[in-house]
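Single-letter residue listing:
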Amino acid sequence: MKNVDDFVRDWPWVWPKTLHGQLKFYNDYNRLINHNLSEKQGYIKLLSDESIDSNYQLSFKEQWELYSIINNLIRKNFANSDNPTYLGIDLINLRQRLESVYKDVHDYERVKSELKAYKNETRKILTEYISFDTFYSDYPNDRCIYRHYFVRLEDELKCMCCGATTKDYPLSKEELDFLTLCADYQGILLKEASLDDLPLLQVIMERQDYYRRFRIPIDSVDEDIEDIEDYLTEAEEQCIEDESDFFELKQQIRKAHLLDSDLQTYDRGDLKVRDLKYLSYEKPNELLSEIEKDMKIIEETDSKFKDLMLEECKTTKYEILIESGAHIPTLLKQAQSEDDIVALTKAYYNMFNKRFKEPSLDCITASPEINNRILQMKIGR
């Protein structure tokens, strides 16, 4: 088994150097954050108090307003001054005096400052101190130059591109959950995906890889001093394209789940689903009727291509149904024979490819059976 501490960056300022130590620090900081949040809520409640003291004492809200005026004056007008004054008044000294006289103001400022510091430390742990670079040497893959495509399964974190897996490391469940959280914060976790979605992911990624073949290879740009600007520009563009591919994977998984559901509405805010009834104005029933007639004629022939022609007719029939907005999981459930399932799979894949070329119709399913069949068909070819 490999060393779990390889996930901790070997930078001089990163301490502790162990995964267990980083996890402990993260948990400790979270406890401090929760404590400070509780304290902060108490002060926020005090700030909402509009009552006026009958003894002419400043309320906490008034104390804080006075402190804020001085603090903002220093920050906006005297940011670069070591000794800011206003009308001859030493503002730094006045601010310190207010903090010493009004303990609640001092404590509220302390709570906010500590809260910011603790949150910053947890962010560093999740996004900087923990790294998955250890996978690069063991799992070389062109897609993973800039990012991994992790999916969290029951007992592992696995990259769908290079196959890198945390199973090679003796991780506890808490440590695995921690690494999953780090991957999420680093923007390399497909948290929408489950085990059943793996075939769909492979289908989408193979399609993306097809288009990646048309990119200019980054190593084709000469790395001499004259071409360094072109090299960096090309590298940046490919990094952006990789991010776009990753975003598309996340969106397509969500869309497949939505379209596979039994819901009749597909409104999910930022998730846009295009027209599901592409043929709604082209009389799909008439087209299906024509297909049925053609199939009857073919069945009465003795052509050696009879089976192939029937399969093409069935495939076309399912394409019409899909373009008419039919629910793909329902079509699969209603398929009466192996030939029907094969035709449905081919029809769906044709529509899936059409979406890449002419994205006028949303057609995607997370059905493991259909997507596994597509992968088997591609291997067979």
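Small disclaimer: the values here were computed from a predicted structure and weren't measured.

Asker: Would you mind going over the overall build of the protein chain with me for this structure?
Answerer: The helix and strand inventory of the protein chain stands at 13 helices and 4 strands. Burial statistics for the protein chain: of 381 residues in total, 40% are counted as buried. Look at the contacts in the protein chain between residues 6 or more apart in sequence, and 66% of them connect residues 24 or more apart.

Asker: Help me understand helix 7 (residues 198-212) in this model?
Answerer: Each α-helix winds once per 3.6 residues, and so residues spaced three or four apart point in a common direction. Here helix 7 spans 20 Å end to end across 15 residues, near enough to the 21 Å set by a 1.5 Å rise per residue. Those residues of helix 7 not exposed but buried are Leu198, Pro199, Leu200, Leu201, Val203, Ile204, Met205, Arg207, Gln208 and Arg212.

Asker: Mind showing me how you'd approach the packing of aromatic side chains here?
Answerer: Remark: the centre distance and the inter-plane angle together describe each pair of aromatic rings, the angle taken between the planes. Tallied over the full model, the rule gives 20 aromatic pairs. On the basis of an interplanar angle of 65° and a centroid distance of 5.2 Å, the ring pair of Tyr149 and Phe246 is categorised as edge-to-face. Of this pair, Tyr149 sits in the loop between helix 5 (134-138) and strand 3 (150-152) while Phe246 sits in helix 8 (residues 228-260); the two residues are 97 residues apart in sequence, bridging distant segments of the chain. For Tyr149, a relative accessible area of 0% translates into the label buried. Residue classification places Phe246 among the buried positions, given a relative accessible area of 5%. Here the aromatic cluster, defined as three or more aromatic residues joined through ring pairs, consists of Phe7, Phe132, Phe135, Phe150 and Tyr169. Directly above the ring of Phe246 sits Arg147, whose terminal nitrogen or CZ lies 4.7 Å from the centroid. Looking at Lys317, its charged tip hangs above the ring of Tyr318, at a distance of 4.9 Å from the centre.

Asker: How should the side chain of Asn36 be read in this particular structure?
Answerer: Topologically, Asn36 is positioned in helix 1 (residues 19-47). A polar contact of 3.2 Å, which involves the side chain of Asn36, links it to the side chain of Glu114. Once you skip the residues sitting within four places of it in the chain, Asn36 turns out to touch Val111, Glu114, Leu115 and Tyr118.

Asker: Before we go on, may I ask you to explain the side chain of Asn371 in this structure?
Answerer: Relative to the helices and strands, Asn371 is located in helix 13 (residues 368-380). Among the polar contacts listed, one links the side chain of Asn371 to the backbone oxygen of Ser367, at a separation of 3.0 Å.

The rules behind these values
- Residues numbered from 1 in each chain as written.
- Predicted model: local features only at pLDDT ≥ 70, side-chain atom pairs only at ≥ 80, totals over all residues.
- Heavy atoms only, no water.
- Helix = DSSP H or I, 4+ residues; strand = E, 2+ residues; numbered from the N terminus.
- Buried < 20%, exposed > 50% of the residue type's maximum accessible area, 1.4 Å probe, protein only.
- Contact = heavy atoms within 4.5 Å.
- Expected span 1.5 Å × (residues − 1).
- Phe/Tyr/Trp six-rings, centres within 6.5 Å; stacked < 30°, edge-to-face > 60°.
- Lys NZ or Arg CZ within 6 Å of the ring centre and 35° of its normal.
- Polar contact = N/O pair within 3.5 Å; in protein donor to acceptor, adjacent residues only side chain to side chain.

Function cannot be read off these values alone, since they describe shape.
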